[in-house]
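Now for the letters of each chain:
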Amino acid sequence: MSTKVRNFGLDLLRATAITFVLINHNFNYFISFNKSTIIGDIFGILGVELFFVLSGFLIGGIVLREFGTEVHRKAVKRFYIRRWFRTLPLYYILLITFVGSSFFITQQFNPQLLHFVFLQNFSHEALNFFGVSWSLAIEEWFYFLLPILLYFAYKIKLFKGKILYFLFIFIICMLLARFAFVYFFEPSFDDVRKHVFFRFDSLIIGVLMASVKLQKPNWYKFLQNPLLVLFPLAIIGFLAYNFARYFQFGILDTSTIARVGAFPILSVAVALIIPFLEKNNFINNIVGKIKIINFPITWISILSYSLYLVHIPIFDIVKATLLNKIPLEYMPPIALFFAFLISYGLYRCIEKPFMQLRERYS
C-alpha cells in the first residue's frame, strides 16, 4: 500500500467513482434486463464526473500550493514531471501492448498516432480502439494547460487573492463556449461529453474547491456540515433521474440543458461533497479506522487508475472466451477477479516504481 498519508473520505470518493464505471461496463457486457443499459450508462456518467472533479481538486491543491503566489519555471517543470511520471508510463505501456496485439491478431498495422498525443477524442474510429482513454485525454490536456492558465492569471494580477474569481470567470466562459458549440454544430450528448476542450469546467470546478480550501478556510469549514451534504446528494439524484428519463425518451442528444448545463451542475454537486468527505471525523476517524472497511476501499482507490485502463480489454477477453460455455450472468465475478488481479500487478510493476522514480527527478 502507498506509504503516503491517505485520506479515507477521498479514497471513498475515488473508489465510488471506479465502482460506478465498473458497474456501467458490467451492465453493458454481461447484464441484460429491461432498462439495464440506461442504468449502466447513468452509473458511467456519474463515475467519470466524480473522477474529473476529484482530480481537479487534488491537482488544483497541488498546483496552488506549489506555485504559491507566483508561477515560475521551476514549479511548472516539477509539476509536469510529477504528473506525467504518474499517468503516462502505464498508459503508454498499455497502448503499445494493445497496438502490438492488434497487429498480431489482424495482421494490419495501425500505430494509433492520435492516442499517443491524446487527440483520439476527435475521431470516433480511434476511440473504438481504446475507448476508455477518452477521459484520460481530457485530463492530460488539462494537466498540460492548467499551469499555463495560472501563469496567465498571474500575469494579469489575478493570481494572488483573486484566483477564485478568475476560475469562476473561466467556468462561465467554458459554459458559453459549450453552448455555442451545441447551438451551431448540434453534436450528440456523447460528442459533447468527450470533447477535449469543452469539458475543462468539470476539472476547474474541482480546482475552485481546492482554492476555496486554501484561500477561504472558513467557507470550506462551513461546507463540512453534514446537513449541507444532503443538498448536493439530492442534486445528483435529481440529475441521475433526469438523465434516465432523457435516455428513455431518446432526447438526450437534442437537449440543450443536458449537453450544456448538466455537466457543471453535476460537478458543483460533487465538489460540494468533498469538504464533508475529506474532513468528517466519523468517516475518517471512526469508519475509516475499521480495517474490514478501510482495506478494500483503500485498495480499490489505489488500483483505480489501472482498473480504469484495463478492465474493458479484460471484459472483452472473458466474454469471448466463455461465451456459450457458461451463462452470461456468471461472467461478472470472473471478469472482475481478473481485472483486479491484473490491476494489482500493473500497480506493483509499473505504477509504483515510476512514482518512486519521479522523486529522483522532481
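Preceding this paragraph is the structure being described.
Residues numbered from 1 in each chain as written. Predicted model: local features only at pLDDT ≥ 70, side-chain atom pairs only at ≥ 80, totals over all residues. Heavy atoms only, no water.

Chemist: If you had to explain the overall build of the protein chain to someone new, which residues and values would you point to?
Modeler: Along the protein chain, the regular secondary structure elements total 16 helices and zero strands. Whereas a compact globule of 362 residues would reach a radius of gyration of roughly 21 Å, the protein chain reaches 21 Å, a difference of no more than 12%. Seen through its C-alpha atoms, the protein chain measures out along the principal axes to roughly 65 × 50 × 45 Å. Taken across its 362 residues, the protein chain has 50% of its residues classed as buried. The contacts of the protein chain with a sequence gap of at least 6 include a subset with a gap of at least 24, amounting to 78%. (Helix = DSSP H or I, 4+ residues; strand = E, 2+ residues; numbered from the N terminus. Rg over C-alpha atoms; globule rule 2.2 N^0.38 Å. Buried < 20%, exposed > 50% of the residue type's maximum accessible area, 1.4 Å probe, protein only. Contact = heavy atoms within 4.5 Å.)

Chemist: Now, about the packing of aromatic side chains: what can you tell me, with residues and values included?
Modeler: Within this structure, the stated rule accounts for 33 aromatic pairs. Plain terms: the ring middles of Phe20 and Phe43 are 5.0 Å apart, the flat faces sit at 70° to each other, and that makes the pair edge-to-face. You can see Phe20 sitting in helix α1 (residues 8-29) and its partner Phe43 sitting in helix α2 (residues 36-67), a full 23 residues away along the chain. The exposure class of Phe43 is partly exposed, given its relative accessible area of 25%. On the numbers, 6.1 Å between centres and 55° between planes, the contact of Phe142 with Phe200 is tilted. Taken as a pair, Phe142 in helix α6 (residues 133-155) and Phe200 in helix α9 (residues 200-215) lie far apart in primary sequence, 58 residues in all. You can call Phe200 buried: its relative accessible area is 6%. (Phe/Tyr/Trp six-rings, centres within 6.5 Å; stacked < 30°, edge-to-face > 60°.)

Chemist: Give me helix α16 (residues 331-361): which residues, what numbers.
Modeler: For α16, with 31 residues, the first-to-last C-alpha span of 43 Å sits near the 45 Å given by 1.5 Å per residue. Tyr347 marks the point of greatest bend in α16, at about 40°. Considered for burial, the residues of α16 that qualify are Met331, Pro332, Ala335, Ala339, Ser343, Leu346, Tyr347, Ile350, Glu351, Lys352, Met355 and Arg358. For α16, the elements touching its buried residues are α1, α3 (73-106), α14 (291-302) and α15 (304-322). (Expected span 1.5 Å × (residues − 1). Bend = angle between axes of the 7 residues up to and from the residue.)

Chemist: Give me the lowdown on a nonpolar patch on the surface, citing residues and values where you can.
Modeler: Together, Tyr165, Phe168, Ile169, Ile172 and Leu176 make up an exposed nonpolar region whose accessible area comes to about 530 Å². Positionally, Phe168 belongs in helix α7 (residues 163-185). (Patch = residues over 30% accessible without salt bridge, like charges linked within 9 Å, V, L, I, M, F, W, Y side chains within 5 Å. Areas by Shrake-Rupley, 256 points an atom, 1.4 Å probe, with all protein chains shown as cover. Salt bridge = Lys/Arg side-chain N within 4 Å of Asp/Glu carboxyl O.)

Chemist: If you had to explain the packing of α6 against α7 to someone new, which residues and values would you point to?
Modeler: Between α6 and α7, the least distance of the axes is 11 Å, while the angle of their chain directions is 125°. The angle between the axes of α6 and α7 places the two elements in the oblique class. Judged by the sense of rotation from one axis to the other, the crossing of α6 with α7 is right-handed. Each of Leu149, Leu150, Phe152 and Ala153 in α6 lies in contact with α7, whose residues at this interface are Ile163, Phe166 and Phe170. Split into classes, the residues belonging to the contact of α6 with α7 amount to seven nonpolar, no polar and no charged. (Axes fitted to C-alpha atoms, helices over the stretch in contact; angles between N-to-C directions. Parallel < 35°, antiparallel > 145°, perpendicular 65-115°, else oblique. Left-handed = near helix turned anticlockwise from the far one by under 90°. Nonpolar A, V, L, I, M, F, W, Y, C, P; charged D, E, K, R; others polar.)

Chemist: Any chance you could break down the pattern of salt bridges for me, citing the residues and the numbers?
Modeler: Within the structure shown, the criterion is met by 11 salt bridges. Across the pair Arg82 and Glu359 runs a salt bridge, and its minimum N-O distance is 3.1 Å. In this pair, Arg82 sits in helix α3 while Glu359 sits in helix α16, placing the two residues 277 residues apart along the sequence. Residue Glu278 is joined to Lys213 by a salt bridge in which the shortest nitrogen-to-oxygen separation is 2.6 Å. Highlighted residues: Glu278 in helix α12 (residues 256-279) and Lys213 in helix α9, separated in sequence by 65 residues.

Chemist: I'd like to hear about the environment of Leu175, residue by residue, with values.
Modeler: Structurally, Leu175 can be placed in helix α7. Here the alpha-carbon distance between Leu175 and Asp201, two residues 26 residues apart in the chain, equals 7.5 Å. With residues up to four places along the chain from it excluded, the contact list for Leu175 reads Val260 and Pro264.

Chemist: Give me the lowdown on the nonpolar core, citing residues and values where you can.
Modeler: The biggest cluster of nonpolar side chains holds 116 residues, and the ones touching the most others in it are Leu146, Tyr308 and Leu309. In terms of residue count, the dominant contributor to this core is α2 (15 residues). Leave out the neighbours within four places in its chain, and Tyr308 touches Ile18, Val21, Val48, Phe51, Val132, Trp134 and Ser135. (Core = buried A, V, L, I, M, F, W, Y, C linked by side-chain atoms within 4.5 Å.)

Chemist: Explain the side chain of Arg83 residue by residue, including any values.
Modeler: You can see Arg83 is positioned in helix α3. This buried residue, Arg83, is left without a salt bridge; Glu139 holds the nearest opposite charge, at 6.0 Å. Other than its neighbours up to four places away in sequence, Arg83 contacts Ile59 and Tyr143. (Lys, Arg positive; Asp, Glu negative; His and termini not counted.)

Chemist: Lay out the packing of α1 against α2 in plain terms, naming residues and giving numbers.
Modeler: In the contact formed by α1 and α2, the axes pass within 7 Å of each other and the chain directions differ by 150°. When the axis of α1 is compared with that of α2, the two are roughly antiparallel. For the pair α1 and α2, the crossing hand works out as left-handed.

Chemist: Provide a residue-level description of the side chain of Arg193, including the pertinent values.
Modeler: Mapping Arg193 onto the fold places it in helix α8 (residues 189-193). Since its relative accessible area comes to 10%, Arg193 is described here as buried. Excluding residues within four positions of it along the chain, Arg193 makes contact with Gly44, Ile45, Val48, Trp134, Ile138, Arg199 and Phe263.

Chemist: So what's going on with the environment of Ile290? Which residues, and what values?
Modeler: Position of Ile290 among the secondary structure elements: in the loop between α13 (281-286) and α14. Ile290 sits in the partly exposed class, given a relative accessible area of 38%. Spatially, the C-alpha atom of Ile290 lies 24 Å from that of Leu50, the residues being 240 residues apart in sequence.

Chemist: Residue-level account of α2, with values.
Modeler: Taking 1.5 Å per residue, 32 residues should reach 46 Å; α2 reaches 46 Å between its end C-alpha atoms and fits that length. Among the 32 residues of α2, 24 are classified as buried, and the element is accordingly described as predominantly covered.

That's the geometry; what it means functionally is another story.
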